[in-house]
Amino acid sequence: MDAQFWDERYRSRDQLFSGAPNGVLVTEVTDLPPGHALDVGCGEGGDARWLARRGWRVTGVDISPVALRRAAAGGTDVADRVTWTPLDLTRTAPPAGAFDLVSAQYFPLPRQPDHTALRGLLDAVAPGGTLLVASHDLADLPPQRESDLDPHDFYQPDDIARLLDRDWTILVDETRPRTAPAPAGTPHTHDTVLRARRLR
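A quick note: this is a predicted structure, and the numbers were derived from the prediction, not measured.

Draft legend 1. Fine view of the packing of helix H1 (residues 3–11) against helix H4 (residues 65–73). Following both chains from N to C, one finds H1 and H4 inclined at 50°, their axes separated by 7 Å at the closest point. Here H4 runs oblique to H1, going by the angle between their axes. Contact with H1, carried on its side by Asp 7, Tyr 10 and Arg 11, involves Pro 65, Val 66, Ala 67 and Arg 70 of H4 and no other residues of that element. Looking at the contact of H1 with H4, its residues break down into four nonpolar, no polar and three charged.

See the structure below:
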């Protein structure tokens, strides 16, 4: 799932996603005071634009240049509040301690034995900041996979929760119904959600 994979997927349609912010993000972040947010796997920019319009300064990162170009084109009204940045988290960590919110909505981060990429993501959260991770509930998936990708090869929110140490407090770690219908042709009816605050 490299840049070429995602570029080809974005090119396969004029618009891959709805452009609306993810429901988990809206539910969990609406009451937070605006600060500096990192939108991980920002895609075409729906979440980043929503955050920026609510007063956040946003760094939207994605491995796909095609997605980033679309995100920038669709966010001219918030161009002064959003920076669109190419980033492969398996190769480069975001700046440490720089973000009041790190949001990863349905982001496929591959598991690693040493958790290097994940730890880089966790380190990006500033003291007092929030980590928000949402994924599709694996229980919704059919028993037979339709591709070579195994969802168990990627971190799930509860995996991340188990890796958090005493520097964190977990506020939400649960499975819940989706707030919006699943994309056409997909079986996802529930989300798994982790929200945690870095203490120090």
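Read on for the rest.
Draft legend 2. Expanded view of the sheet that holds strand S3 (residues 82–86). Across the sheet, which stays open at both edges, the seven strands sit in the order S3-S2-S1-S4-S5-S7-S6 with mixed pairing between neighbours. The sheet terminates laterally at S3 and strand S6 (168–177), the two strands that pair on one side only. This sheet shows a mean twist of 15° between the axes of neighbouring strands, independent of strand direction. Here seven bridges tie strand S5 (residues 125–136) to strand S7 (residues 190–198), and the two strands are oriented antiparallel to one another. Bridging across to S7, Val 133 finds its partner in Leu 194.

Draft legend 3. Representation of the pairing of S5 within the structure. Burial runs high along S5: nine of the twelve residues are buried. In this sheet, S5 lies alongside strand S4 (residues 99–105) in parallel orientation, the contact comprising six bridges. If you follow Phe 99 over to S5, its bridge partner there is Val 125. Between the parallel elements S4 and S5, the chain passes through helix H5 (residues 116–123) in a crossover that is right-handed.

Draft legend 4. Layout of the environment of Ala 182. By secondary structure assignment, the location of Ala 182 is in the loop between S6 and S7. Residue class for Ala 182 comes out partly exposed when judged on its relative accessible area of 25%. Taking the C-alpha atoms as reference points, Ala 182 and Thr 130, separated by 52 residues in sequence, lie 26 Å from one another.

Procedures and definitions
Residues numbered from 1 in each chain as written. Predicted model: local features only at pLDDT ≥ 70, side-chain atom pairs only at ≥ 80, totals over all residues. Heavy atoms only, no water. Axes fitted to C-alpha atoms, helices over the stretch in contact; angles between N-to-C directions. Helix = DSSP H or I, 4+ residues; strand = E, 2+ residues; numbered from the N terminus. Parallel < 35°, antiparallel > 145°, perpendicular 65-115°, else oblique. Contact = heavy atoms within 4.5 Å. Nonpolar A, V, L, I, M, F, W, Y, C, P; charged D, E, K, R; others polar. Pairing = 2+ DSSP bridges. Buried < 20%, exposed > 50% of the residue type's maximum accessible area, 1.4 Å probe, protein only. Right-handed = clockwise from strand over helix to strand, strands pointing away.

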